[in-house]
Structures are given as structure tokens and as C-alpha cells.
Amino acid sequence: MEKPEALRIGVVGCGNHGGALAQAVVRSDNLRLLACADPDAAATRRVAALADGVSTHESLADLLVAADVDAVLI
């Protein structure tokens, strides 16, 4: 049986809770961390460091315009 394509995920609010969500996405076999958004640049950098190619944004609106995600975790 063929493995389904990974669901592309964006995380909004990259503090402790958002960081934990992002870590769970990275550990998942069928999810891919694609983007994160938070006005705190240090928080987005920490989450972006979890996986290659994660884009960072200041707001949910910016993330939705710039990143082609299938779902957003808030």
C-alpha cells in the first residue's frame, strides 16, 4: 500500500504550546511542518529550527498569503 502524501502544516503562536505542536508535527510520519507565525521573531526561529525549509511570518494573515499549507494549528 502506498504511503499518502504528507499534510502540510502551519503553526500559529510559536510559544511553548505552539512549539510542542510543531515538535509533534515534525515527529509525525504523515505531517510536514511548512510554516510558523508569531510576532515574536525568536519564537518563530525556534520552531523553524525543527525542520528544513520552514517559513516564518509575523501573523496568520502573512502565513496564509505566503505559505501553501493544508492546515493551520493555533
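Anyway, here's the lowdown on the structure attached to this text. Worth saying up front: this structure is predicted, and the values here are computed from it rather than measured.

1. Section: the pairing of strand β2 (residues 31-37)
Okay, step 1: Judged by how many residues are buried, β2 sits mostly within the fold: five of seven residues are covered.
Okay, step 2: Bridge analysis of strand β1 (residues 7-12) against β2 gives six bridges, and the strand direction is parallel. Bridged to V11 within β2 is C36.
Okay, step 3: Relative to strand β3 (residues 55-57), β2 runs parallel, the two sharing three bridges.

2. Remarks on the side chain of H57
Okay, step 1: Following the sequence through the fold, H57 ends up in strand β3.
Okay, step 2: Within polar-contact distance, the side chain of H57 engages the side chain of S55 at 2.8 Å.
Okay, step 3: Discounting chain neighbours no more than four positions away, the residues touching H57 are A35, C36, A37, D38, T44, D62, L63, A66 and A67.

3. Structural notes on the sheet that holds β2
Adjacent strands of a sheet form backbone hydrogen bonds with each other and so pair up, either parallel or antiparallel.
Okay, step 1: On the basis of which strands lie adjacent, the open sheet formed by four strands has the order β3-β2-β1-β4 and parallel pairing. The outermost strands of the open sheet, each flanked by one partner alone, are β3 and β4 (71-73). Across the sheet, the axes of successive neighbouring strands diverge by a mean angle of 30°, strand direction being ignored.
Okay, step 2: Here helix α1 (residues 16-27) sits on the sheet and contacts β1, β2 and β4; the angle it forms with β2, its principal contact strand, is near 155°.
Okay, step 3: Packing of helix α2 (residues 41-48) onto the sheet brings it into contact with β2 and β3, and relative to β2 it is tilted by some 165°.

4. Quick look at the nonpolar core
Okay, step 1: Ranked by size, the top nonpolar core spans 11 residues in total: I9, V11, C14, A22, V25, L33, C36, A43, V47, A48 and V54.
Okay, step 2: Broken down by secondary-structure element, the contributors of at least two residues to this core are β1, α1, β2 and α2.
Okay, step 3: Ignoring any residue separated from it by four or fewer positions in sequence, one finds V11 in contact with G18, A22, L33, A35, C36, A37, L63 and L73.
Okay, step 4: Counting seven residues, the second largest nonpolar core, distinct from the first, contains L34, L63, A67 and V69.

The rules we used
Residues numbered from 1 in each chain as written. Predicted model: local features only at pLDDT ≥ 70, side-chain atom pairs only at ≥ 80, totals over all residues. Heavy atoms only, no water. Buried < 20%, exposed > 50% of the residue type's maximum accessible area, 1.4 Å probe, protein only. Helix = DSSP H or I, 4+ residues; strand = E, 2+ residues; numbered from the N terminus. Pairing = 2+ DSSP bridges. Polar contact = N/O pair within 3.5 Å; in protein donor to acceptor, adjacent residues only side chain to side chain. Contact = heavy atoms within 4.5 Å. Axes fitted to C-alpha atoms, helices over the stretch in contact; angles between N-to-C directions. Core = buried A, V, L, I, M, F, W, Y, C linked by side-chain atoms within 4.5 Å.

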